[in-house]
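So you can see what is in the structure, the chains are spelled out below.
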Amino acid sequence: MWYHKPAINEELLQSLPNLKVVASSGVGIDHLDLKLLSRYGVKVSNTPFIVSTDTADMGMALLLASSRRLVEGHEMAVSPDTEYFPADWLGDEVSGATLGILGMGTIGYKVAERAKAFEMKILYHNRSQRKKEEESAVGAVYCKKIDDLLQQSDFVLLAVNLTPQTHKLIGKRELELMKPTATLINISRGLVVDQDALTEALQNKVIKAAALDVTYPEPLPRDHPLLKLKNVIITPHIGSATKKTRWVMMEEMVESIEAGLAGLPIPREVL
């Protein structure tokens, strides 16, 4: 499966009685019905580890681009109407700012490692607290309650898996808890955020900005209001989109398929 295609439903499974394994690219498995696949005796693999470094890089890229208004700055610099660069055209400092990470798995932790190099204060919320030595290595402070993280952070970065518990994790209430000067960064899944609530919050300056590598649907309809806002950066779900990573992802999927066909243990099997 690449970009969640083909759709694995009962009709497809019935038409493929000899199917042994579904190899899915990336880390997310929210597009797969694991119980249905198990019922048909089909095993599942993904590529969870190879994507983490590039996706963490993407999170920092979005944070920096949003804080320093790179997209707006580029448009100003190349516009045929620009006659001078205004002296009061300013971005926000990253160094010393507080980054709140929701989801401190492999990707979230790699973001924290990068943020430490930018001298950021790091808060995080996770299903379980990291080991003390892991926290100390990046200077991260655990927030048991998500509300505490939202209220204190200058940047809130989402790196959670999409599950029933994280579906629309960030909605109207959560956005109103954030600082009016805060930026929301999403490198997880579009449905982790209530997009209508986010649009309204950005329009009404409840929060300052958003930087999104994921939306729902993808791409957004061309008349969607998020596409018209100056305080939003949207990229086309390219967290893992580097030449090396995509090559290794394909190699790992092939490896899983070959193991499944041979009746061998499947590397990176999703249980």
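Our subject is the structure listed above.
Procedures and definitions
- Residues numbered from 1 in each chain as written.
- Predicted model: local features only at pLDDT ≥ 70, side-chain atom pairs only at ≥ 80, totals over all residues.
- Heavy atoms only, no water.
- Salt bridge = Lys/Arg side-chain N within 4 Å of Asp/Glu carboxyl O.
- Helix = DSSP H or I, 4+ residues; strand = E, 2+ residues; numbered from the N terminus.
- Buried < 20%, exposed > 50% of the residue type's maximum accessible area, 1.4 Å probe, protein only.
- Pairing = 2+ DSSP bridges.
- Axes fitted to C-alpha atoms, helices over the stretch in contact; angles between N-to-C directions.
- Contact = heavy atoms within 4.5 Å.
- Right-handed = clockwise from strand over helix to strand, strands pointing away.

How would you explain the pattern of salt bridges if you had to name every residue and give the values?
Per the stated rule, a full pass over the model turns up 14 salt bridges. A salt bridge links lysine 230 to glutamate 75; the nearest nitrogen and oxygen atoms lie 3.6 Å apart. One end of the pair, lysine 230, is in the loop between β8 (209-212) and β9 (232-234); the other, glutamate 75, is in helix α4 (residues 70-78), and 155 residues separate them in sequence. With a relative accessible area of 61%, lysine 230 lands in the exposed category. Sharing partners across several salt bridges, the network here consists of Asp147, Arg173 and Glu174.

Run through the sheet that holds β9, naming residues and quoting values.
The sheet built from seven strands is open, its strands ordered β5-β4-β3-β6-β7-β8-β9 with parallel pairing. The two strands at the open ends of the sheet, each matched to only one other strand, are β5 (140-142) and β9. Sheet twist, expressed as the mean angle between neighbouring strand axes with direction ignored, is 15 degrees. Bridge count between strand β6 (residues 155-158) and strand β7 (residues 183-186): four bridges; the pairing is parallel. Bridge pairing in β7 places leucine 158 opposite asparagine 186. Packing of helix α5 (residues 106-117) onto the sheet brings it into contact with β3 (98-102), β4 (121-125) and β6, and relative to β3 it is tilted by some 170 degrees.

Please give an account of the pairing of β3 that cites residues and values.
Taking burial as the measure, the five residues of β3 include five buried ones, the bulk of the element. Burial along β3 is two-sided: the face carrying Thr98, Gly100 and Leu102 and the face carrying Leu99 and Ile101 are both buried. Alignment of β3 against β4, held across five bridges, turns out to be parallel. Each residue of the ladder has a partner; that of leucine 102, found in β4, is histidine 125. In terms of handedness, the path from β3 via α5 over to β4 forms a crossover that is right-handed. As paired elements, β3 and β6 share four bridges and run parallel to each other. From the neighbouring strand, leucine 102 faces β6, where its bridge partner is leucine 158.

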